[in-house]
Amino acid sequence: MKSFAIVAAMDEARGIGKADGLAWHLPSDLRRFKEITSAVSDPSKRNALLMGRKTWESLPAHFCPLPGRLNVVLTRQEDLGLPEGVLRFSNLDQAMEYLDKEPDIEHIFCIGGAQMYAHAVEHSACNRIFATHLQGKFDCDSFFPIMPSRFRPAATGPWQREENQTYRFIDYTCC
Ligand SMILES: NC(=O)c1ccc[n+]([C@@H]2O[C@H](COP(=O)([O-])OP(=O)(O)OC[C@H]3O[C@@H](n4cnc5c(N)ncnc54)[C@H](OP(=O)(O)O)[C@@H]3O)[C@@H](O)[C@H]2O)c1
């Protein structure tokens, strides 16, 4: 089976969001998200983004679906209306089974939110986590799960500052 990576930004308490939205505005994190999730080595292919229904509904209208990538929404609602070209699955295994057979999909990313991450970190096909760590606590109401010990930092970026926030990127891989 193809593997997949998680992309997530979290604060010191593993907070990832507040009131169904993000708790911060960090443009360099948004740029990194776009770069990581859009990059393909074969230009005839594209990447797939797996997301929970609430994260899908939180996307800004002009980025919904997220362009240039196959958007895949997980929901248990069989009648959830989605735009043409956006796929719906009722669980992660079904989505992975489908994407595994899709020759035009190069990489698969799980992009949140909290419920999706909780399933994804425990999934045997999840082998990488692209994390953005923000200093401080942002009064979040949704959280990244405790990272299983099989994930270890493979590349740790320097602390950086933007818009009064201090953050760094860490790429975790699976031992
Ligand atoms: N900081 C970050 O990197 C980041 C990234 C993404 C999102 N977020 C934040 O995360 C928050 C949303 O997280 P959330 O946990 O409330 O929502 P979520 O995970 O985005 O969506 C939850 C919904 O997705 C469906 N779902 C999730 N896992 C599923 C599974 N394994 N199988 C089937 N369906 C599944 C269910 O939909 P139904 O109820 O329709 O069945 C569930 O109610 C927001 O604040 C958002 O801004 C942060």
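The structure this text deals with has already been given above.
Read on for an overview of the structure. All of these numbers come straight from a predicted model, not from anything done at the bench.

1. Some details on the overall build of the protein chain
- Counting secondary structure elements, the protein chain contains 4 helices and 11 strands.
- For 175 residues, the compact-globule formula gives about 16 Å, and the C-alpha radius of gyration of the protein chain, at 16 Å, lands near that figure.
- For the protein chain, contacts bridging at least 24 residues in sequence account for 66% of all contacts bridging at least 6.
- On the protein chain, roughly 9,300 Å² of surface is accessible, and the fraction owed to carbon and sulfur atoms is 50%.
- Within the protein chain, the 22 negative side-chain charges are centred at a point lying 4 Å from the centre of the 20 positive side-chain charges.

2. What about the site of the ligand?
- The environment of the ligand is made up of 28 residues, and the closest members are Ala9, Arg53, Thr55, Thr75 and Gln77.
- Residue Arg76 places a main-chain N or O atom 2.8 Å away from an oxygen atom belonging to the ligand.
- A distance of 3.4 Å separates a nitrogen atom of the ligand from a polar backbone atom of Ser90.
- Of all the elements in the fold, those that place two or more residues in the shell around the ligand are strand E1 (4-10), strand E2 (15-17), helix H2 (53-58) and helix H4 (114-122).
- It is H4 that contributes the most residues to the shell around the ligand, 5 residues altogether.
- Of the residues assigned to the shell around the ligand, the class counts are 10 nonpolar, 13 polar and 5 charged.

3. A look at the pairing of E1
- Judged by how many residues are buried, E1 sits mostly within the fold: 7 of 7 residues are covered.
- Along E1, one buried face is formed by Phe4, Ile6, Ala8 and Met10 and the opposite face, lined by Ala5, Val7 and Ala9, is buried too.
- Across 7 bridges, E1 lies against strand E7 (residues 126-134) in parallel orientation. Paired with Ala9 across the bridge in E7 is Thr132.
- Sheet topology note: the E1/strand E6 (residues 105-110) ladder contains 2 bridges and is parallel. Across the sheet, Ala5 pairs through a bridge with Phe109, a residue of E6.

4. Examining helix H3 (residues 92-100)
- Taken together, the buried positions of H3 are Leu92, Ala95, Met96 and Leu99. The arc enclosing the buried residues of H3, seen along the axis, measures out at 95°, which places them on a common side.
- Along its buried surface, H3 packs onto E1, strand E3 (46-52), strand E4 (70-74), strand E5 (87-89), E6 and H4.
- For H3, the side-chain oxygen to backbone nitrogen distance between the N-cap and Asp93 is 3.1 Å, and the N-cap itself is Asn91.

5. Focus on the state of the cysteines
- Per the stated rule, a full pass over the model turns up 0 disulfides.
- Its sulfur unpaired, Cys126 is 7.1 Å from the next cysteine sulfur, which belongs to Cys174.
- Looking at Cys126, the relative accessible area reads 0%, which means it is buried.
- Judged by relative accessible area, Cys174 falls into the partly exposed class, the value being 29%.

Here is what the cut-offs are and how they apply
Residues numbered from 1 in each chain as written. Predicted model: local features only at pLDDT ≥ 70, side-chain atom pairs only at ≥ 80, totals over all residues. Heavy atoms only, no water. Helix = DSSP H or I, 4+ residues; strand = E, 2+ residues; numbered from the N terminus. Rg over C-alpha atoms; globule rule 2.2 N^0.38 Å. Contact = heavy atoms within 4.5 Å. Areas by Shrake-Rupley, 256 points an atom, 1.4 Å probe, with all protein chains shown as cover. Lys, Arg positive; Asp, Glu negative; His and termini not counted. Charge placed at Lys NZ, Arg CZ, Asp CG, Glu CD. Near = heavy atom within 4 Å. Polar contact = N/O pair within 3.5 Å; in protein donor to acceptor, adjacent residues only side chain to side chain. Nonpolar A, V, L, I, M, F, W, Y, C, P; charged D, E, K, R; others polar. Buried < 20%, exposed > 50% of the residue type's maximum accessible area, 1.4 Å probe, protein only. Pairing = 2+ DSSP bridges. Arc of directions from axis to C-beta. Disulfide = S-S within 2.5 Å.

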